2 protein chains.
Amino acid sequence: MPKRTTYFVSDGTGITAEMFGNAILAQFDMDSRRVRLPFVDTVDKAHQAIRQINHSFDLDKHKPIVFTTLVNPEVQEVFAQHCQALVMDMFGRFVRPLEEELGIKSHHRVGRFTDISKSKEYSDRMEAINYTLAHDDGQSNTDLASADVILVGVSRSGKTPTSLYLAMQYGLKVANYPLIPEDFERRQLPAALVPLKKKLFGLTILPERLSEIRNERRPGSRYASLENCRMEVHEAESMMRRAGVSWLSTTTKSIEEISTTILQELLPGRMAVQ
Amino acid sequence: MPKRTTYFVSDGTGITAEMFGNAILAQFDMDSRRVRLPFVDTVDKAHQAIRQINHSFDLDKHKPIVFTTLVNPEVQEVFAQHCQALVMDMFGRFVRPLEEELGIKSHHRVGRFTDISKSKEYSDRMEAINYTLAHDDGQSNTDLASADVILVGVSRSGKTPTSLYLAMQYGLKVANYPLIPEDFERRQLPAALVPLKKKLFGLTILPERLSEIRNERRPGSRYASLENCRMEVHEAESMMRRAGVSWLSTTTKSIEEISTTILQELLPGRMAVQ
């Protein structure tokens with residue numbers, strides 16, 4: 001396959017264009033150099049971006065692919081006229097049918113993420129991040145009752161990144177609690193968690209994969225040995241089954257998939273925004 | 001305006017559909033209940049989703065809006081035939097022109113995020129998150145030299161969420177360091193940071209906004225007083241200017257915008273993936 005260059009161009013961060021463009025490109029078996037060009041919000045910057053794009057046409061000898069989320073009509077126009085590429089105008093394609101259906105005009109405002117200046121939303125997100133940091137890895141039982149979600153699982157099963165993702169993306173207060181050999185000996189969930197069973201969700205993982213991950217951190221240790229990983233995973237799964245805690249295996253799942261499943265199970269209301 | 005319901009439907013998490021759909025809807029002054037329907041990856045689940053969508057047509061008396069990122073052709077077909085909504089088929093619109101330009105067929109695989117089972121990528125992301133957690137708020141100077149980015153700024157200027165975002169989304173090791181009254185008295189950056197000036201980036205914030213944020217945490221304190229916030233911000237900005245550290249004001253910026261600006265300034269190579 002020829003080498004192509006793909007650009008993600010936006011008046012904003014370009015994160016939406018990149019995420020969407022990558023999902024489309026994932027449908028093709030093709031190598032592509034990928035470049036994000038953010039904050040292209042003036043005609044001057046548009047010409048600068050187009051010079052870069054057209055230059056890679058000369059180098060690659062193949063048309064670049066350009067995904068745009070541009071709302072400024074003048075900038076859009078410059079792209080339509082001067083960009084020597086397959087331009088996928090993501091807004092243009094969908095805004096017009098929506099205008100017709102809704103019977104109103106779009107206002108061509110640059111798309112914004114959670115705005116730090118929207119006090120309430122921002123402070124909720126910050127509070128969730130702080131809560132989640134303070135309740136990582138069973139560090140604190142203080143105020144555990146105000147957690148939205150409490151993750152349990154053996155060490156290195158994916159609790160910390162999942163907790164942080166839920167806090168950052170959904171403003172959820174997430175505590176996470178490791179299941180450790182002491183719990184397995186007592187054959188019971190940590191005492192602090194028992195009254196909060198409705199908030200619990202378990203993460204598990206294939207022992208083989210767990211052993212690999214632990215070996216990167218503590219090579220050759222008993223902690224990382226396959227035998228020990230098998231025992232811990234078996235004990236943790238038995239405990240969750242006995243306690244009636246829902247759980248999923250993280251082995252082949254991304255943080256985003258794990259988080260979406262947890263939301264569906266524990267907080268289905270968070271899948272809808274009123 | 002009439003109340004509409006918008007659905008984001010996907011064979012995967014639906015996060016891409018939701019992010020993109022929200023960017024489109026931000027172009028319209030319209031209230032809309034928004035519902036994400038993930039993991040719609042069988043014909044049965046498609047019919048179930050469509051029943052829910054068509055039911056909200058009955059309730060709202062207005063056509064629902066549906067953004068889909070469906071790759072399974074059978075599921076797409078069910079939507080095309082039975083869904084009583086304005087369906088925005090995000091993949092359909094862009095995959096076909098790409099097939100023509102590239103001269104290859106798409107393979108209709110469900111889009112995946114960073115796959116936990118791709119050992120290297122996952123362990124880099126995990127390592128970055130662990131590093132960033134251990135180096136939050138000046139907690140540790142150990143191994144500061146291996147940071148990709150070191151953020152500085154007064155307390156509550158947005159360092160922690162920005163650090164975590166950069167670690168989670170880009171696998172960067174990010175340390176963050178508060179600038180505190182002792183630094184202002186010495187009129188110098190913390191000693192540990194001086195040799196690492198190329199990795200430094202400063203965050204600042206309007207004193208009025210800072211005082212608001214701090215007052216939510218410690219109401220009425222001297223720490224939160226506008227006078228103290230003015231002094232700290234002034235001193236921090238002077239210090240960064242003297243030290244030649246690039247900085248930006250987070251006051252009206254989202255975490256995503258701040259992070260994109262930092263990448264452009266410090267690690268432009270990270271804006272392109274080879």
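Here is what the cut-offs are and how they apply
- Residues numbered from 1 in each chain as written.
- Chains lettered and ligands numbered in written order.
- Predicted model: local features only at pLDDT ≥ 70, side-chain atom pairs only at ≥ 80, totals over all residues.
- Heavy atoms only, no water.
- UniProt positions renumbered as here; feature names shortened; annotations may be inferred.
- 1 Å grid on protein atoms, 1.4 Å probe; cavity = no way out; pocket = protein on both sides within 12 Å on 5 of 7 lines; lining within 4 Å.
- Buried < 20%, exposed > 50% of the residue type's maximum accessible area, 1.4 Å probe, protein only.
- Contact = heavy atoms within 4.5 Å.
- Helix = DSSP H or I, 4+ residues; strand = E, 2+ residues; numbered from the N terminus.
- Polar contact = N/O pair within 3.5 Å; in protein donor to acceptor, adjacent residues only side chain to side chain.
- Expected span 1.5 Å × (residues − 1).
- Least-squares fit on C-alpha atoms with pLDDT ≥ 70 in both.
- Lys, Arg positive; Asp, Glu negative; His and termini not counted.
- Salt bridge = Lys/Arg side-chain N within 4 Å of Asp/Glu carboxyl O.

## Re the UniProt feature "binding site: ADP" (unreviewed entry) in chain A
In the UniProt entry, the feature "binding site: ADP" (unreviewed entry) is given for Gly153(A), Val154(A), Ser155(A), Arg156(A), Ser157(A), Gly158(A), Lys159(A) and Thr160(A). Lining residues of the second largest pocket drawn from the annotated set just named are Ser155(A), Arg156(A), Ser157(A), Gly158(A), Lys159(A) and Thr160(A). Look at Gly158(A) and you get buried, because its relative accessible area is 6%. Residues contacting Gly158(A), with those up to four places away along its chain left out, are Leu203(A) and Tyr122(B). Examined against the element boundaries, Lys159(A) turns out to sit in helix 6 (residues 159-170). Setting aside residues up to four positions removed in sequence, Lys159(A) forms contacts with Leu151(A), Val152(A), Gly153(A), Val154(A), Asn176(A), Tyr177(A), Pro178(A) and Leu203(A). There is a polar contact of 3.2 Å between the side chain of Lys159(A) and the backbone oxygen of Gly153(A).

## Some thoughts on helix 9 (residues 226-243) of chain A
Residue and element names in this part refer to chain A. Counted at 1.5 Å a residue, the expected span for helix 9 with its 18 residues is 26 Å, and the 26 Å between its end C-alpha atoms agrees. Every buried residue of helix 9 is accounted for by Asn228, Cys229, Glu232, Val233, Ala236, Glu237, Ser238, Met239, Met240 and Ala243. Contact partners of the buried residues in helix 9: strand 5 (149-153), helix 7 (181-186), strand 7 (200-204), helix 8 (207-217) and strand 8 (247-249). Two residues or fewer past helix 9, glycine 244 is found with a positive phi of approximately 70 degrees.

## Points about the relation of the copies chain B and chain A
Least-squares fitting of chain B to chain A yields an RMSD of 0.0 Å, with the superposition described by an axial translation of 0.0 Å and a rotation of 180 degrees. Here the two chains are linked by the operation of a two-fold rotation axis. If distances are taken from each C-alpha of chain B to the rotation axis, the shortest is found for Phe20(B), at 3.5 Å. Of all interface residues in chain B, 100% are interface residues in chain A too; the two copies therefore contact each other through one and the same surface.

## So, the side chain of Thr260(B)
Residue position: Thr260(B) is located in helix 10 (residues 255-266). Note on Thr260(B): relative accessible area 1%, which makes it buried. Of note is the side chain of Thr260(B), whose polar atom sits 2.9 Å from the backbone oxygen of Glu256(B). When near neighbours in sequence (up to four residues on either side) are disregarded, Thr260(B) contacts Thr13(A), Ile15(A), Arg36(A), Pro38(A), Phe39(A) and Met271(B).

## Remarks on the side chain of Glu237(A)
All names here are of chain A. Mapping glutamate 237 onto the fold places it in helix 9. In this structure glutamate 237 is buried but unpaired, with arginine 241 as the nearest side chain of opposite charge at 4.5 Å. Looking at glutamate 237, its side chain comes within polar contact range of the side chain of threonine 204, at 2.8 Å. Sequence-distant contacts of glutamate 237, defined by excluding residues within four places in its chain, comprise Thr204 and Trp247.

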